[in-house]
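Coordinates in review
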Amino acid sequence: MSRPRVAFFSFSSCEGCQLVVLTIEEQLLELVTLIDIVSFREAMSEKSNDYDIAIVEGSITRDSEIERIKTIRDTAKVVVALGACATIGGINCLKNQFEMKKVQNIVYGKMADTFDTIPARPIESVIKVDYWIHGCPIDRDEFIEVTKAILLEKKPRIPDYPVCVECQMKENVCLFEKGIVCMGPITRAGCKAICPTYTDGCVGCRGLIDDPNLSSHKNLLSEHGLTVKEAISQYMLFGGNSKEKFE
Amino acid sequence: MKDVLIKKKEIGLFYKNLKEEFTVYGVKQKEKGFYVFDETDEFSDPLEEYKPTILPPKKFLFPQQETLLRFNTQPHPDIKPVIGSKKQVLFGVRPCDIHGIRLLDKIFNADHEDKNYTQKRAMTIIVGIDCLEPCYEHAHCASVGYLEVDDGYDIMMTDIGDTFYTSWKTPQGEEIIRKYAKFLEAKNEDTDKFLRMKSERQDRFENKIKTNVSNLPLFFKNADNDPVWDELNDRCLGCGRCNIVCPTCYCFDVYDCMELNLASGERCRQWDACTLKDFAVVSTGENFRPSRGQRLRHRFNRKFNYLMTKYNASFCVGCGRCTRSCPVNIDLVETVNAVIKNNRIHEKQ
Amino acid sequence: MKNSNSLFLPEIAKVVSTRQLTAMEKYIELKTIDDREFDFTPGQFVQLSVFGIGEAPISISSSPFNRESIGLCVRRAGDVTSAIHKLEPGSRLGMRGPLGKGFPVKEMRGKDLLFIAGGLGLAPLRSLINYTLQKRDDFARIRILYGAKKPGEILFPDELQTWRERKDIELEITVDTPDQNWTGKSGVITRLMPSLKLEPENTFALIVGPPVMYKYVLLELQIKQIPETNIIMSLERRMKCGIGKCGHCQINGVYVCLDGPEFSYHTLKFLPEAI
């Protein structure tokens, strides 16, 4: 694809992943020689409805968003899901554990009837997605990797192995050795194990690997003192949309 | 003159002097109880406190990621090989890791010479520190016959009290001792003390594997349907850590990385792991080792059967890193002993 | 191999011609830029590079008697093969090889040959078939069984026609799912096997096809009592380095890239992961 027209879209999200795109700084200038950014709310006031690539941040949490994302799919040749909300539903899916009515009341109080809401879901559950840029937030290098892959018409190199691989290659001390629980063994790598590197347990923001051994991982968490309920709530932080896998 | 003594308090000087000519990598503490090989200003080896480093020193010969080629595609492809090497000293390599490097030497020289490895190896001086006590509970070097090492290093030092009893194996080893170390010639009584301490260590290193190591290929040949693999299939997370920390794992993935100009780029290799799901997947999507149990069986067979048969040497060096790093406590020695036991039961029936 | 230093350094080859064979397969003919002569054994393969995309192993499909160029039948299956499909005459790409051992042509001399090709398996077998036809007197009876999924997926139809017209070889073709115009045989390839009259001790069976085919073909050959040493199969595995280092193509103790990709059943039966 030669210098495709690229548009960014925000759905239910904090827009932090688009902010990450803006921090690519030194490579951003080189990047805009390859792509023509025609809509990007966080960076420019111009807008266009004529685009080849739609980069979509956020999950689908309202009926109106379903129509909107379908229109985007109809217009774009390529749809990229940007960040955990778009790729796996992300933390927005936490609300799916409750009655929607209750959620509306908690969030909007008296105004509850003014705002509709539906269980949150990744954009893939509404439209076909071509590329996924995982994480909360995304990794800059992966954004570039996916952009290059689209332009070169090749599969991006996105790992389907767990965070442990990257963590161990960096020679980190395993957090389980220090009594810190970690989703690393079941979570897709590609983040360069940034959280475990800074002694924070992985929370699974990049989603599950394709074939996670959840029962063994659950045992591991319980050996580290977590009850079944606590273990499941760990998984649910980002994995609310895959609830059935955890129970 | 053959063997020399280097006073403990002067080892730091030897270490520092080597830095005039080499990049020197030694052992340092990363966090309490965990060590790594790194470029350090000072000699910081924990000596009697030593436990195997998180990653073995193979990372300086076969790095986690390595560029193999650099290319430019416009107007026509133009490719240059990249073979990086520098003069380096690996200081404080224990016998298990020396064996690990010896085995990698065999691998990367066999059939076709892999210059990306061999040229780094040729520029590398290995200073060993011998072990008089097992370093931790997972060590089983003696079970695989790798406590003794008589090849694959340049210098070997043994802590005999307030001095290191030091011998060299290669002319380069002798040269750097003469050039950079402050030493005394070893007297007969020093040699006697050294030999006595070495012979006394035998009893301290337990034979944990319940057969002679040379029998293992046969046991593993008969263990394809051993129930142990089903049990491990349920337990193994498929996280790849056992591969990553292994001194003799050398599988790698190869990939191209284009720069943003989309005209030039690199072909690189990165450590891969046979316990990961996609390791044996072909382009049509078929996975020739789809279950975790099969992949773990493959890994054990690489150590104790396939490569062991081809090279007539155990490809497990007994460092215990895989056991220590496994999040779900899959123990290599226990697994091997289970295979042996199940084999014997099978034989009796 | 030509490379004197890095094992991973390809030489540059140029595309001489291309021909679309089916919707998925393209035939490309390559020469090295210094017009080096090719010397290979049927069954060997090369690693082709499209720089920036990657490298993929492709078996050689042309006859080893043509030394000026090599021909490869490339199925569009991944990134690299898709990129190869886009190349035009004059394009340049990287090539390493020939790699692997190839078919045991010396041992096959004087024997009856039974070629069994499934789908794309005809590509490497075509190299061997053309080799044996060139040296026709070195071999006894030659029979070729070829199975494709659909009539539209039949590779090298013109060449198949010339083989069919020759009196000194026998050819049978079957398709899994025929269309209205198909007048030939239909069904899986093993259906062609029960009626074969073979002299088992004097026959070499040479088999290349998708993994699922081997088990069933093997069963038929065992019924026919072909000796295990005379059953030669070519295996597909993931390959990265092509030179026995990276570990991906390993089946039990053997490396497909280094020790194969062709193996006798006598070897494979000791490799539980093989078939």
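**Section: the overall build of chain A**
Per the secondary structure count, chain A includes 11 helices and five strands. In terms of overall dimensions, chain A is globule-like: its C-alpha atoms have a radius of gyration of 19 Å, near the 18 Å expected for 247 residues. Taking the principal axes of the C-alpha coordinates as reference, chain A spans close to 55 × 50 × 25 Å. When contacts within chain A are restricted to residue pairs at least 6 apart in sequence, those whose partners lie at least 24 apart make up 71%. Summed over its atoms, the accessible surface of chain A is roughly 11,400 Å², and 53% of this surface lies on carbon and sulfur atoms.

**Structural notes on the interface of chain A and chain C**
On the chain C side, the residues contacting the four residues of chain A number four residues. Counting each side, the surface lost to burial between chain A and chain C is near 380 Å², with a carbon and sulfur contribution of 41%. When the buried surface of chain A facing chain C is broken down by residue, L152, E153 and K154 of chain A rank first, second and third, together holding 84% of it. Run the count over chain A and chain C and you get one salt bridge. Between K86 of chain C and E153 of chain A there is a salt bridge, and its shortest N-O distance comes to 3.4 Å. There are three residue pairs in polar contact (both at pLDDT 80 or more) connecting chain A and chain C. For the side of chain A that touches chain C, the residue count by class is one nonpolar, no polar and three charged.

**Things to note about the interface of chain C and chain B**
Each partner contributes residues to the interface: chain C has 38 residues there, and chain B has 47 residues. Between chain C and chain B lies a buried interface of about 3,600 Å² when both sides are counted; carbon and sulfur atoms form 57% of it. Its largest share of buried area at the contact with chain B, chain C owes to F8, F51 and K245 of chain C, together 20% of the area lost on that side. The tally of links between chain C and chain B comes to five salt bridges. With a shortest N-O distance of 3.9 Å, R297 of chain B and E273 of chain C are connected by a salt bridge. Between the two partners, chain C and chain B, sit 20 residue pairs in polar contact (both at pLDDT 80 or more). Those elements that place two or more of their residues in the side of chain C that touches chain B are strand 3 (45-50), strand 4 (54-59) and strand 6 (92-99) of chain C. When its residues are assigned to classes, the side of chain C that touches chain B shows 18 nonpolar, 12 polar and eight charged.

**A short note on the packing of aromatic side chains**
Throughout the structure, instances matching the rule amount to 26 aromatic pairs over all chains. Between Y15 of chain B and F43 of chain B, the aromatic rings sit 5.7 Å apart at their centres with planes inclined by 65°, giving edge-to-face as the arrangement. In this pair, Y15 of chain B is assigned in helix 1 (residues 11-18) and F43 of chain B in the loop between strand 3 (34-39) and strand 4 (65-72), connecting sequence segments 28 residues apart. When the ring of Y15 of chain B is compared with that of F91 of chain B, the centres are 5.1 Å apart and the planes differ by 75°; the resulting orientation is edge-to-face. On the criterion of sequence distance, the pair formed by Y15 of chain B in helix 1 and F91 of chain B in strand 6 (residues 88-93) is long-range, its members being 76 residues apart. The exposure class of Y15 of chain B is buried, given its relative accessible area of 0%. Three or more aromatic residues joined by ring pairs form one cluster here, namely F62, F108, Y117, Y250, F252 and W271 of chain B together with F8 of chain C.

**A word on the domain arrangement of chain A**
Residue and element names in this part refer to chain A. Each assigned domain of chain A is listed with its residue range as follows: domain 1 (5-152) and domain 2 (163-246). The distance between the C-alpha centroids of domain 1 and domain 2 comes to 25 Å. Listed by partner, the interface residues are 16 residues for domain 1 and 13 residues for domain 2. Buried surface at the junction of domain 1 and domain 2, summed over both partners, amounts to about 1,200 Å²; 56% is from carbon and sulfur atoms. The interface formed by domain 1 and domain 2 contains three salt bridges. Summed over the shared surface of domain 1 and domain 2, the number is four residue pairs in polar contact (both at pLDDT 80 or more). Elements represented by at least two residues in the side of domain 1 that touches domain 2 include exactly helix 4 (83-88) and helix 6 (140-152). When its residues are assigned to classes, the side of domain 1 that touches domain 2 shows eight nonpolar, four polar and four charged.

**A few points about the sheet that holds strand 5 (residues 131-133) of chain A**
Residue and element names in this part refer to chain A. Pairing in this open sheet of five strands is parallel, and the strands run 2-1-3-4-5 from one edge to the other. The open sheet is flanked by strand 2 (36-39) and strand 5, the only strands paired with a single partner. For this sheet the average axis-to-axis angle between neighbouring strands, irrespective of direction, equals 25°. Bridging between strand 4 (residues 78-82) and strand 5 involves three bridges; their strand directions are parallel. Paired with L82 across the bridge in strand 5 is I133.

**Details of the pairing of strand 9 (residues 163-168) of chain B**
Regular strands have side chains that alternate between both faces of the sheet. Residues and elements named next belong to chain B. Counting buried positions along strand 9 gives six out of six residues, so the element sits mostly inside the fold. Here strand 9 shows no split at all, with T163, Y165 and S167 on one side and F164, T166 and W168 on the other all buried. As judged from the four bridges shared by strand 1 (residues 4-7) and strand 9, these two strands associate in the antiparallel manner. Bridging across to strand 9, L5 finds its partner in Y165. Where strand 8 (residues 155-159) meets strand 9, five bridges bridge the pair, whose relative direction is antiparallel. Within strand 9, the residue paired with T158 across the bridge is Y165.

**Some points on the sheet that holds strand 8 of chain B**
All names here are of chain B. Taken together, eight strands build an open sheet; the order of strands is 3-2-6-7-8-9-1-10 and the sheet is mixed. The outermost strands of the open sheet, each flanked by one partner alone, are strand 3 and strand 10 (184-185). Its contacts with the sheet put helix 4 (residues 171-180) on strand 1, strand 7 (124-129), strand 8 and strand 9, and the angle it makes with strand 9 is roughly 140°.

**A word on the state of the cysteines**
The tally for this structure, following the rule as stated, stands at zero disulfides over all chains. Residue C322 of chain B stays outside any disulfide, its sulfur separated by 6.2 Å from that of C316 of chain B, the closest cysteine.

**Concerning the domain arrangement of chain B**
All names here are of chain B. Domain parsing of chain B yields domain 1 (3-62 + 72-204) and domain 2 (213-348). Taken over C-alpha atoms, the centre of domain 1 sits 26 Å from the centre of domain 2. Residue-level contacts link 37 residues of domain 1 with 34 residues of domain 2. Between domain 1 and domain 2, the buried area comes to about 2,800 Å², and carbon and sulfur atoms account for 62% of it. Contact with domain 2 buries area across many residues of domain 1, yet F62, I107 and H140 alone supply 22% of it, more than any other trio. Among the salt bridges present, the one from K310 reaches D111, with a minimum N-O distance of 3.2 Å. Summed over the shared surface of domain 1 and domain 2, the result is 16 residue pairs in polar contact (both at pLDDT 80 or more). Secondary-structure elements contributing two or more residues to the side of domain 1 that touches domain 2 are helix 2 (95-109) and helix 3 (115-122). Its residues placed into classes, the side of domain 1 that touches domain 2 shows 20 nonpolar, 10 polar and seven charged.

Criteria and thresholds
Residues numbered from 1 in each chain as written. Chains lettered and ligands numbered in written order. Predicted model: local features only at pLDDT ≥ 70, side-chain atom pairs only at ≥ 80, totals over all residues. Heavy atoms only, no water. Helix = DSSP H or I, 4+ residues; strand = E, 2+ residues; numbered from the N terminus. Rg over C-alpha atoms; globule rule 2.2 N^0.38 Å. Contact = heavy atoms within 4.5 Å. Areas by Shrake-Rupley, 256 points an atom, 1.4 Å probe, with all protein chains shown as cover. Buried area = accessible area lost by both parts, 1.4 Å probe. Salt bridge = Lys/Arg side-chain N within 4 Å of Asp/Glu carboxyl O. Polar contact = N/O pair within 3.5 Å; in protein donor to acceptor, adjacent residues only side chain to side chain. Nonpolar A, V, L, I, M, F, W, Y, C, P; charged D, E, K, R; others polar. Phe/Tyr/Trp six-rings, centres within 6.5 Å; stacked < 30°, edge-to-face > 60°. Buried < 20%, exposed > 50% of the residue type's maximum accessible area, 1.4 Å probe, protein only. Domains from an automatic or database assignment. Pairing = 2+ DSSP bridges. Axes fitted to C-alpha atoms, helices over the stretch in contact; angles between N-to-C directions. Disulfide = S-S within 2.5 Å.

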